[in-house]
Amino acid sequence: MDVTKIENSEEIKDEAEFVRLNYKELSAAQMQIKSIEYFFNMNKRRTVRDFSSKKISREIIENCLKTAGTAPSGANKQPCEFFVIESPEVKNKIREAAEYEEYLFYNDRAPKSWIEDLKKFKTTPIKEHLSKAPTFIAIFSKPYDLIDGERKNNYYSIESTGLATGFLISALHNANLASLTHTPSPMAFLNEIVGAPKHFRPFLLLTVGYPEEGTLVPKQDRKSLDKIAHFL
Ligand SMILES: Cc1cc2nc3c(=O)[nH]c(=O)nc-3n(C[C@H](O)[C@H](O)[C@H](O)COP(=O)(O)O)c2cc1C
């Protein structure tokens, strides 16, 4: 039935604002396989800190960003913007600014306990990956949009940006790319370098690429299900 053609029924008119959900029921066995396969794939994801300089096809990055764009967001405001950086000049500027903040963090700003927690990663203020990795994605969260100079509020912008970022990280992993969630703090330098307006809040800097051959990652466990989930 083409509901848009029926004009005299309020009820049906309302229905015209909706589309049918694209959903096909699967058997429990199929669902079990899909869920375990997804877990096995995601369980292989690791944060990588050594990248090769091999370039990534633009289309792959675009597809992963489109996936990020499918994340749920408060009142569907989609308050997240991504700046993809491949230019060596821009990357150099980011490395310089990030290392400056990291230096202050490691030597002054970070509480002792934080530095202690970071020891096992053997990270330092020197961020070699910011020269080698082919692509950075600077992610911004917008508490409001400016439309013709007027503020239009977004809701749960941080939560929504976190979800979109999670979708992006899993899409990159699914495409067999590695990423590093990097949070030099504060990150206001990103606005200036990429030319993002002042009301864009820098959320994080994702370094993306192929892992360097033979890369090592810290040996670490993930909490078991009973530590992260509660069934009532
Ligand atoms: C919000 C957030 C900020 C992070 N910031 C940094 C960072 O600045 N530098 C870094 O080397 N890793 C950073 N990480 C990566 C974490 O150290 C890493 O995700 C964690 O150790 C778990 O390891 P895995 O991702 O390999 O499972 C960050 C992760 C998150 C979620």
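Residues numbered from 1 in each chain as written. Predicted model: local features only at pLDDT ≥ 70, side-chain atom pairs only at ≥ 80, totals over all residues. Heavy atoms only, no water.

> I tried to follow the site of the ligand on my own but got confused; where do I start?
Lining the immediate surroundings of the ligand are Arg45, Arg46, Thr47, Arg49, Phe121, Thr123, Leu180, Thr181, His182, Thr183, Gln220 and Arg222. In the environment of the ligand, an oxygen atom lies 3.0 Å from a nitrogen or oxygen atom belonging to the side chain of Arg45. Taking Thr181, its main chain carries an N or O atom lying 3.2 Å from a nitrogen atom of the ligand. For the ligand, whose free accessible area comes to 620 Å², the fraction covered by protein is 65%. (Near = heavy atom within 4 Å. Polar contact = N/O pair within 3.5 Å; in protein donor to acceptor, adjacent residues only side chain to side chain. Areas by Shrake-Rupley, 256 points an atom, 1.4 Å probe, with all protein chains shown as cover.)

> In this structure, what is going on with the environment of Leu104? I would like to understand it.
Topologically, Leu104 is positioned in helix H4 (residues 88-109). When its relative accessible area of 22% is taken as the criterion, Leu104 is described as partly exposed. In this structure, the C-alpha to C-alpha distance between Leu104 and Leu146, residues 42 residues apart in sequence, is 34 Å. (Helix = DSSP H or I, 4+ residues; strand = E, 2+ residues; numbered from the N terminus. Buried < 20%, exposed > 50% of the residue type's maximum accessible area, 1.4 Å probe, protein only.)

> I would appreciate a short explanation of the nonpolar core in the present structure.
One recurring pattern in soluble globular proteins: nonpolar side chains tend to sit buried together. Membership of the largest hydrophobic core comes to 38 residues, with the highest contact counts inside it found for Leu168, Leu172, Leu190, Leu206 and Val208. Mapped by element, the contributors of at least two residues to this core are helix H3 (58-68), strand S1 (80-85), H4, strand S2 (135-141), helix H7 (157-174), strand S5 (178-182), helix H8 (189-194) and strand S6 (201-209). In this view, Leu190 contacts Ile94, Ala138, Phe140, Gly195, Pro202 and Leu205; residues no more than four positions away in its chain are not counted. (Core = buried A, V, L, I, M, F, W, Y, C linked by side-chain atoms within 4.5 Å. Contact = heavy atoms within 4.5 Å.)

> What am I meant to see in the state of the cysteines here?
Disulfide: a covalent bond connecting the sulfur atoms of a pair of cysteines. Enumeration over the complete set of coordinates arrives at zero disulfides. With no disulfide of its own, Cys80 lies 14 Å from the sulfur of Cys64, the closest cysteine sulfur. (Disulfide = S-S within 2.5 Å.)

> Can you help me understand unusual backbone geometry in this one?
Where the residue is not glycine, phi is negative for most of them; where a peptide bond is considered, it is trans in most cases. Residue Pro186 follows Ser185 across a cis peptide bond; omega there is 0 degrees. By the secondary structure assignment, Pro186 is in the loop between S5 and H8. Even without being a glycine, Asn76 presents a positive backbone phi close to 55 degrees. Summarising the element assignment, Asn76 is placed in the loop between H3 and S1.

> Would you take a moment to explain the pattern of salt bridges for this structure?
Close approach of charged atoms allows side chains with opposite charge to pair. Taken as a whole and assessed by the stated rule, the structure comprises nine salt bridges. Across the pair Lys142 and Glu81 runs a salt bridge, and its minimum N-O distance is 2.7 Å. Of this pair, Lys142 sits in the loop between S2 and strand S3 (144-147) while Glu81 sits in strand S1, and the two are 61 residues apart along the sequence. The class for Glu81 is partly exposed, based on a relative accessible area of 28%. Here Asp145 and Lys142 are joined by a salt bridge, their closest N and O atoms 2.8 Å apart. Here the residues in one salt-bridge network are Glu81, Lys142 and Asp145, joined through shared partners. (Salt bridge = Lys/Arg side-chain N within 4 Å of Asp/Glu carboxyl O.)

> Even after reading the chapter, I still don't get the side chain of His199, so can you show me in this structure?
Topologically, His199 is positioned in the loop between H8 and S6. For His199, a relative accessible area of 12% translates into the label buried. Excluding anything up to four places from it in sequence, His199 contacts Ser141, Lys142, Pro143, Tyr144, Asp145 and Leu146.

> Looking at this model, I keep getting lost on a nonpolar patch on the surface. Mind explaining?
Among the surface-exposed residues, Ile36, Phe39 and Phe40 lie close enough to one another that they form a single nonpolar patch of about 300 Å² accessible area. With respect to the helices and strands, the residue Phe39 is situated in helix H2 (residues 28-43). (Patch = residues over 30% accessible without salt bridge, like charges linked within 9 Å, V, L, I, M, F, W, Y side chains within 5 Å.)

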